[in-house]
Amino acid sequence: MIIHQFDQTNSILNSFIAEIRDVNIQKDAMRFRRNIERIGEVLAYEMSKTLDYEPKEVTTPLGIKKSFQCSDKLVLCSVLRAGLPLHHGILSYFDGAENAFISAYRNHPNNDDEFEVIVNYFAAPPLDDKILVLTDPMLATGKTLENVLNALKGHGSPKQIHIISVIGSKTGVAKVAETFPDNTQLWIAAVDEGLTSKGYIVPGLGDAGDLSYGAKL
């Protein structure tokens, strides 16, 4: 897997990352969502440099100019509900992309730290010969994306898979590198050192879904 990690390079992206981590700033849910969207926009732009393009002539009021348009067909697939702001940010750059959504949640059957990831909703177009972009803001253990990959297998064979995440753990990054095809590319804003016993990223930022849309039962 090819990993593109951006917190090691100075850019405005680091300001967005700092704000979503800040316990005071993240109390503003609208600002939190917008920062996730902006991170998605930055990572989408960086990813766009790896896609295929074809020449196209554009007619202006004063003449004709040669341009280049993306020739790849994209499908954006987001994990509900935390992935929605990230999805919106990416979609604002790839506005012609098709969309897929999948639900995945942690189930603790014994009410302890052990959990399994349950997938119980999935809607997607055919994936054959398309660029599949999986979006999940928190790449913690990697179990969610592993289950998402398994759920997608009946919907065709994508040309290539890209994963876009905001914050990951080293454990999660290693897990998806082991699970996904070798030519998969991971675009991630920041990678943190650890995980709690319950599988949450440390220092991370908390629960991205709750911070975006409010606490759940």
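Before any of the text, the structure's been laid out above.
Residues numbered from 1 in each chain as written. Predicted model: local features only at pLDDT ≥ 70, side-chain atom pairs only at ≥ 80, totals over all residues. Heavy atoms only, no water.

1. Section: the overall build of the protein chain
Turning to step 1, where the next piece is worked out: Within the protein chain, the secondary structure is distributed over six helices and twelve strands.
Turning to step 2, where the next piece is worked out: A compact globule built from 217 residues should have a C-alpha radius of gyration of about 17 Å, and the protein chain, at 18 Å, falls within 12% of that.
Turning to step 3, where the next piece is worked out: Principal axes of the C-alpha set define a box for the protein chain whose edges measure 65 × 40 × 30 Å.
Turning to step 4, where the next piece is worked out: Classification of the 217 residues of the protein chain by burial places 42% in the buried group. (Helix = DSSP H or I, 4+ residues; strand = E, 2+ residues; numbered from the N terminus. Rg over C-alpha atoms; globule rule 2.2 N^0.38 Å. Buried < 20%, exposed > 50% of the residue type's maximum accessible area, 1.4 Å probe, protein only.)

2. Structural notes on the pairing of strand β9 (residues 160-169)
Working note: regular strand, side chains alternate between the two faces of the sheet.
Turning to step 1, where the next piece is worked out: With ten of its ten residues buried, β9 lies for the most part within the structure.
Turning to step 2, where the next piece is worked out: Judged from the five bridges that link them, strand β7 (residues 131-135) and β9 form a sheet pairing that is parallel. Each bridged residue has a counterpart across the sheet, and for Thr135 the counterpart in β9 is Ile164.
Turning to step 3, where the next piece is worked out: Relative to β9, strand β8 (residues 138-139) runs parallel, the two being bridged by two bridges. Bridged to Leu139 within β9 is Gly168.
Turning to step 4, where the next piece is worked out: A crossover links β8 with its parallel partner β9, the connecting element being helix α4 (residues 143-152), and its sense is right-handed.
Turning to step 5, where the next piece is worked out: For β9 and strand β10 (residues 185-192), the ladder comprises seven bridges, and the chain directions are parallel. Bridging across to β10, Ser169 finds its partner in Asp192.
Turning to step 6, where the next piece is worked out: Handedness of the crossover joining β9 and β10 through helix α5 (residues 170-179) is recorded here as right-handed. (Pairing = 2+ DSSP bridges. Right-handed = clockwise from strand over helix to strand, strands pointing away.)

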